[in-house]
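Here is what each chain is made of, one letter per residue.
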Amino acid sequence: MDEDLLKAVSGLDETTRNYVLGRITQLEQEKQTKISALEEEILKRDLSITALEEREHIDHLTKCYTHARFDKYLAELIQIHLPQIKLPSSRVLTPYDTVNALFEDNVGILYIDLDDLKLINDRYGHAAGTSALQAVANALKKGIRGSKVYRLHKHGDEFSIVVTGHNPENNFILGRRIFESVLNQTEFPERITVSIGI
């Protein structure tokens, strides 16, 4: 308790002073309990908001991250890696410089395109095309373990994977593993292939 309060009650008789100090202590404890409850409620709401924001960035069809989340993640990576670029003062930063900085820091981007989706849709119907997209998305997730898969266009057949900490040669190995994972998938009854750009 603060000194001013103790001085204020020092002139009271002992019974009244004890009652007042006890009541103040009780009110302080109630206040702390309410503050703790409010802090816990705020934390729960923050977690709920974070979960909602995360869900907003998930494509409902493939359960992959959306193109918007891909753009956001790439912007975050660029912010991390751009300060490391050393340019002469007379030179302007180009997109090539940004890509080169990411590449030098072992950040790789794999673009995956589902081959012949239009043919699948035309031959078997759009439900089959949807199943093929889902099968590819699941095969990609199984093939990469630890990286996020992004669906680049809401109504398209393009995916992307951003990998960090891999040297460029490992990205080719990863690309091959992804290709084989899609080729060997069993969710869709037909053989599916993808084209991969690294």
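The paragraphs below set out a description of the structure included in this document. (Residues numbered from 1 in each chain as written. Predicted model: local features only at pLDDT ≥ 70, side-chain atom pairs only at ≥ 80, totals over all residues. Heavy atoms only, no water.)

## As for the pairing of strand 1 (residues 107-114)
Note the following rule: Note on classification: 1.4 Å probe, protein chains only; a residue is buried when its accessible area is under 20% of the maximum for its type, exposed when over 50%, partly exposed between these limits. Starting at the N terminus, helices and strands are each numbered in turn, a helix being any DSSP run of H or I of at least four residues and a strand any DSSP run of E of at least two. Two strands pair under a simple rule: DSSP has to find at least two bridges between them.
Of all 8 residues in strand 1, 6 are buried; the element is thus mostly enclosed. Pairing between strand 1 and strand 3 (residues 158-164): 7 bridges, direction antiparallel. Following the sheet pairing, L110 is matched in strand 3 by I161. With 4 bridges joining them, strand 1 and strand 4 (residues 194-197) adopt antiparallel strand pairing. By the bridge assignment for strand 4, I112 is matched with I196.

## Examining the side chain of R69
Cut-off, in case you're wondering: We call two residues in contact when some of their heavy atoms are within 4.5 Å.
Mapped onto the elements, R69 comes out in helix 3 (residues 67-81). In this structure R69 touches H57, E76, K148 and Y150, once residues within four positions along its chain are discounted.

## Examining the packing of helix 5 (residues 117-124) against helix 6 (residues 126-144)
Our working definition: Fitted lines through C-alpha atoms serve as axes, helices being fitted only where they are in contact, and the angles separating the N-to-C directions of these axes extend from 0 to 180 degrees. Here the word oblique covers every angle except those under 35 degrees (roughly parallel), over 145 (roughly antiparallel) and from 65 to 115 (roughly perpendicular). We call Asp, Glu, Lys and Arg charged. Ala, Val, Leu, Ile, Met, Phe, Trp, Tyr, Cys and Pro are nonpolar, and the rest, Gly among them, are polar.
It is the contact of helix 5 with helix 6, at a shortest axis distance of 6 Å, that shows an interaxial angle of 140 degrees. By the angle between their axes, helix 5 is oblique relative to helix 6. Residue-level inspection shows L117, I120, N121 and Y124 of helix 5 in contact with helix 6, the latter providing H126, A128, G129, A132 and L133. Taken together, the residues of the contact of helix 5 with helix 6 sort by class into 6 nonpolar, 3 polar and no charged.

## A word on the pattern of salt bridges
Put simply, the rule is: Salt bridges are defined by distance alone: a side-chain nitrogen of Lys or Arg within 4 Å of a carboxyl oxygen of Asp or Glu.
Enumeration according to the criterion identifies 5 salt bridges in this entry. We note a salt bridge from E28 to K31, for which the minimum N-O separation is 4.0 Å. Linking E28 with K31, this pair stays in helix 2 (residues 14-56), spanning 3 residues, or about one helical turn. Residue classification places E28 among the partly exposed positions, given a relative accessible area of 41%.

## Regarding the environment of D115
What counts, and what does not: Side-chain atoms alone can form a polar contact between residues adjacent in sequence; in general such a contact is a pair of N or O atoms within 3.5 Å, and within protein one must be able to donate a hydrogen while the other accepts it.
Looking at the secondary structure, you find D115 in the loop between strand 1 and helix 5. As a C-alpha pair, D115 and E158 span 43 residues in sequence and 9.5 Å in three-dimensional space. When residues no more than four places from it in sequence are discounted, the contact partners of D115 are T193, V194 and S195. For D115, the side chain forms a polar contact with the main-chain nitrogen of V194, separated by 3.4 Å.

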